Amino acid sequence: MDSSGRQAEAAGRGPRVLVVGGGIAGPGVAQRLCCYSAFPYLRVLEATARAGGRIRSERRFGGVVEVGAHWIHGPSQGNPVFQLAAKYGLLGKKELSEENQLIETGGHVGLPSVTYTSSGGSVSLELVAEVPSLFYSLTDQTREFLHWAEAPAPSGEYLKGKIQQHMAGWAEDEGTRKLKLAILNNLFSVECCVSGTHSMNLVALAPFGEYTALPGLDCTFPGGYQGLTDCIVASLPTDVMVFNKPVKTIHWNGSFQEASAPGEAFPVLVECEDGGCFPAHHVIVTVPLGPATCSAASSPGWNPSSWRLCRMRMCSCLPRCSAG
Ligand SMILES: Cc1cc2nc3c(=O)[nH]c(=O)nc-3n(C[C@H](O)[C@H](O)[C@H](O)COP(=O)(O)OP(=O)(O)OC[C@H]3O[C@@H](n4cnc5c(N)ncnc54)[C@H](O)[C@@H]3O)c2cc1C
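In the nomenclature of an unreviewed UniProt entry, the chain is known as Amine oxidase domain-containing protein of Catagonus wagneri. According to UniProt, the comment filed for the chain under the heading Cofactor (unreviewed entry) is "FAD". A UniProt comment under Subcellular location (unreviewed entry) is attached to the chain, and it reads "Cytoplasm".

Visitor: I keep staring at the overall build of the chain and nothing clicks. Help me out?
Guide: When helices and strands are counted, the chain shows 11 helices and 11 strands. Of all 324 residues assigned to the chain, the portion counted as buried reaches 40%. Considering only contacts in the chain between residues 6 or more positions apart, those separated by 24 or more positions represent 65%. As displayed, the chain has an accessible area near 17300 Å², and 56% of this comes from carbon and sulfur atoms.

Visitor: Honestly, helix 3 (residues 80-87) in this entry has me stumped. Any pointers?
Guide: Given 3.6 residues per helical turn, the α-helix brings residues three or four places apart onto the same face. With a side-chain oxygen lying 2.9 Å from the backbone nitrogen of V81, the N-terminal cap of helix 3 falls on N79. One or two steps after helix 3, the chain reaches G89, where phi turns positive at roughly 65°.

Visitor: Just to check I follow, could you spell out the side chain of K245 for this structure?
Guide: Secondary-structure assignment places K245 in the loop between strand 7 (241-242) and strand 8 (247-251). By relative accessible area, K245 is classed as buried at 18%.

Visitor: Teacher, can you tell me more about the packing of aromatic side chains here?
Guide: How two aromatic rings sit relative to each other is given by the distance of their centres and the angle of their planes. Scanning the entire structure with this criterion turns up five aromatic pairs. Pairing F145 with Y158 gives two aromatic rings, centres 5.1 Å apart and planes at 80°, and the pair type is edge-to-face. Of this pair, F145 sits in the loop between helix 6 (125-141) and helix 7 (155-167) while Y158 is found in helix 7, placing the two residues 13 residues apart along the sequence. No difference in accessibility class separates F145 from Y158, as the two residues are buried. Both rings, one in F221 and one in Y225, keep their centres 4.4 Å apart while their planes meet at 35°; by these two values the pair is tilted. When its relative accessible area of 4% is taken as the criterion, F221 is described as buried. Aromatic rings pair up to connect F135, Y136 and F188 into one cluster. When the ring centre of Y41 is taken as origin, the NZ or CZ atom of R43, which lies over that ring, is 4.6 Å away.

Visitor: Explain the site of the ligand to me, please; I cannot follow it from the model alone.
Guide: Every one of the 27 residues lining the ligand counts as a neighbour, but A25, E46, R54, W71 and V247 are closest to it. A25 has a polar backbone atom sitting 2.9 Å from an oxygen atom of the ligand. Measuring from an oxygen atom of the ligand, one finds a backbone N or O atom of H70 at 3.0 Å. For the ligand, the accessible surface in isolation is 1000 Å², of which the surrounding protein chains cover 70%.

Visitor: I would appreciate a short explanation of the pattern of salt bridges in the present structure.
Guide: In total, this model carries eight salt bridges according to the counting rule given. A salt bridge links R16 to E258; its shortest N-O distance comes to 2.8 Å. Highlighted residues: R16 in strand 1 (residues 16-20) and E258 in the loop between strand 8 and strand 9 (268-272), separated in sequence by 242 residues. Judged by its relative accessible area of 22%, E258 is partly exposed.

Visitor: How should helix 7 be read in this particular structure?
Guide: If you check helix 7, its first and last C-alpha atoms are 18 Å apart, about what 13 residues at 1.5 Å a residue would give, namely 18 Å. Every buried residue of helix 7 is listed here: S155, G156, Y158, L159, I163 and M167. Along its buried surface, helix 7 packs onto helix 6, helix 8 (174-195) and helix 9 (205-208).

Visitor: Whenever I open this one, the packing of helix 6 against helix 8 confuses me. Can you help?
Guide: Helix-helix packing is characterised by the crossing angle of the two axes and by the distance between the axes. Remark: helix 6 packs on helix 8, axes separated minimally by 10 Å, with the N-to-C direction vectors making an angle of 55°. By the angle between their axes, helix 6 is oblique relative to helix 8. In terms of crossing hand, the pair formed by helix 6 and helix 8 is right-handed. Here L127, V128, E130, V131, P132, F135 and Y136 of helix 6 lie close against helix 8, whose contacting residues are T176, L179, K180, I183, L184, L187, F188 and E191. Partitioning the contact of helix 6 with helix 8 into residue classes produces 11 nonpolar, one polar and three charged.

Visitor: How do you make sense of the sheet that holds strand 7 when you look at a structure like this?
Guide: Two pairing modes exist for strands in a sheet, parallel and antiparallel, and in both the strands are linked by backbone hydrogen bonds. Pairing is parallel across the open sheet formed by four strands, whose spatial order is 7-2-1-11. The sheet is open, and its two borders are formed by strand 7 and strand 11 (282-285), each paired with just one other strand. The pairing of strand 1 with strand 2 (residues 41-45) spans five bridges and is classified as parallel. Paired with R16 across the two strands is Y41, which belongs to strand 2.

Visitor: I tried to follow the environment of G22 on my own but got confused; where do I start?
Guide: With respect to the helices and strands, the residue G22 is situated in the loop between strand 1 and helix 2 (25-34). Setting aside anything within four residues of it in sequence, one finds G22 in contact with P27, V44, L45, E46, A51, G52, G53 and M241.

Basis of the calculations
Residues numbered from 1 in each chain as written. Predicted model: local features only at pLDDT ≥ 70, side-chain atom pairs only at ≥ 80, totals over all residues. Heavy atoms only, no water. UniProt positions renumbered as here; feature names shortened; annotations may be inferred. Helix = DSSP H or I, 4+ residues; strand = E, 2+ residues; numbered from the N terminus. Buried < 20%, exposed > 50% of the residue type's maximum accessible area, 1.4 Å probe, protein only. Contact = heavy atoms within 4.5 Å. Areas by Shrake-Rupley, 256 points an atom, 1.4 Å probe, with all protein chains shown as cover. Polar contact = N/O pair within 3.5 Å; in protein donor to acceptor, adjacent residues only side chain to side chain. Phe/Tyr/Trp six-rings, centres within 6.5 Å; stacked < 30°, edge-to-face > 60°. Lys NZ or Arg CZ within 6 Å of the ring centre and 35° of its normal. Near = heavy atom within 4 Å. Salt bridge = Lys/Arg side-chain N within 4 Å of Asp/Glu carboxyl O. Expected span 1.5 Å × (residues − 1). Axes fitted to C-alpha atoms, helices over the stretch in contact; angles between N-to-C directions. Parallel < 35°, antiparallel > 145°, perpendicular 65-115°, else oblique. Left-handed = near helix turned anticlockwise from the far one by under 90°. Nonpolar A, V, L, I, M, F, W, Y, C, P; charged D, E, K, R; others polar. Pairing = 2+ DSSP bridges.

Put into structure tokens, the structure is as follows:
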């Protein structure tokens, strides 16, 4: 801990921590920190009027409509989302069953039981099984780039290059080769949906390889995913969530004063779009950084090195001491 943190603790207040973003990660972080008496001053600054971010469930047509996240992938004991959902009683009996938790899918969607070409001919099941097996072996290979600061290519380019190498060894007739390519094309489309992008060239290789599939058959929340963020937020002290506070800039590694804390220097200043300023000892950023190929300049206060550092650390939380 640095001298300003010690100074605050000596004064009996504990360090001041700000969390930027009130999706699920921000309130989740706040919930963890609230467990420690060393963090009595804690605020989550959320740009909009609601918590949950990309998790949003609406009641429509007599049921629940998920506008954002839908599934718990790998619902088993090693999955913190599953654990929290179970703790809050948000899952059904089947989702909680041990049998469900033990199912291994490898994180891949199941193969269709029947597949047709665009002209109506059915495609052999062997071919439909063989091509995904190649594709998934290649996606598994991306793990080798996990800790690389500069991966050689975006995921899409890397996978296509590897597929071209394999194609050189394909001995089948032209029609079968075309079918295999069409199946691969479908698998790319599925992967785009999973990664939330229209092109795998927008997904960097290093974070792509970080995905770990947990056991458990994917399940949904009978009452809506948002029930989880609602429960997390409800567990926080009432003044922790601050809504309608879009953060404009984060000034790292400075020495900032506040009238209410005379003589105390804070190393970070969080500046909001409405002109409000929040000095802090530590800031945890949970806003999406965007795809790794986008401009770092569009994120609040990110310089390219802190953005890269965050990506390299495979998380969306950047402690104050990591920036700059
Ligand atoms: C359509 C869709 C379907 C999905 N399906 C699934 C699924 O089935 N299963 C699954 O596990 N995941 C799914 N996801 C992904 C999942 O929703 C996200 O991974 C997760 O919600 C991210 O949470 P987060 O808190 O990290 O970020 P977010 O939910 O993006 O929260 C970030 C928060 O930061 C706020 N913010 C942004 N900029 C600022 C700023 N400058 N100042 C202050 N606040 C700011 C935003 O308003 C937002 O509330 C899906 C996502 C989408 C969009």
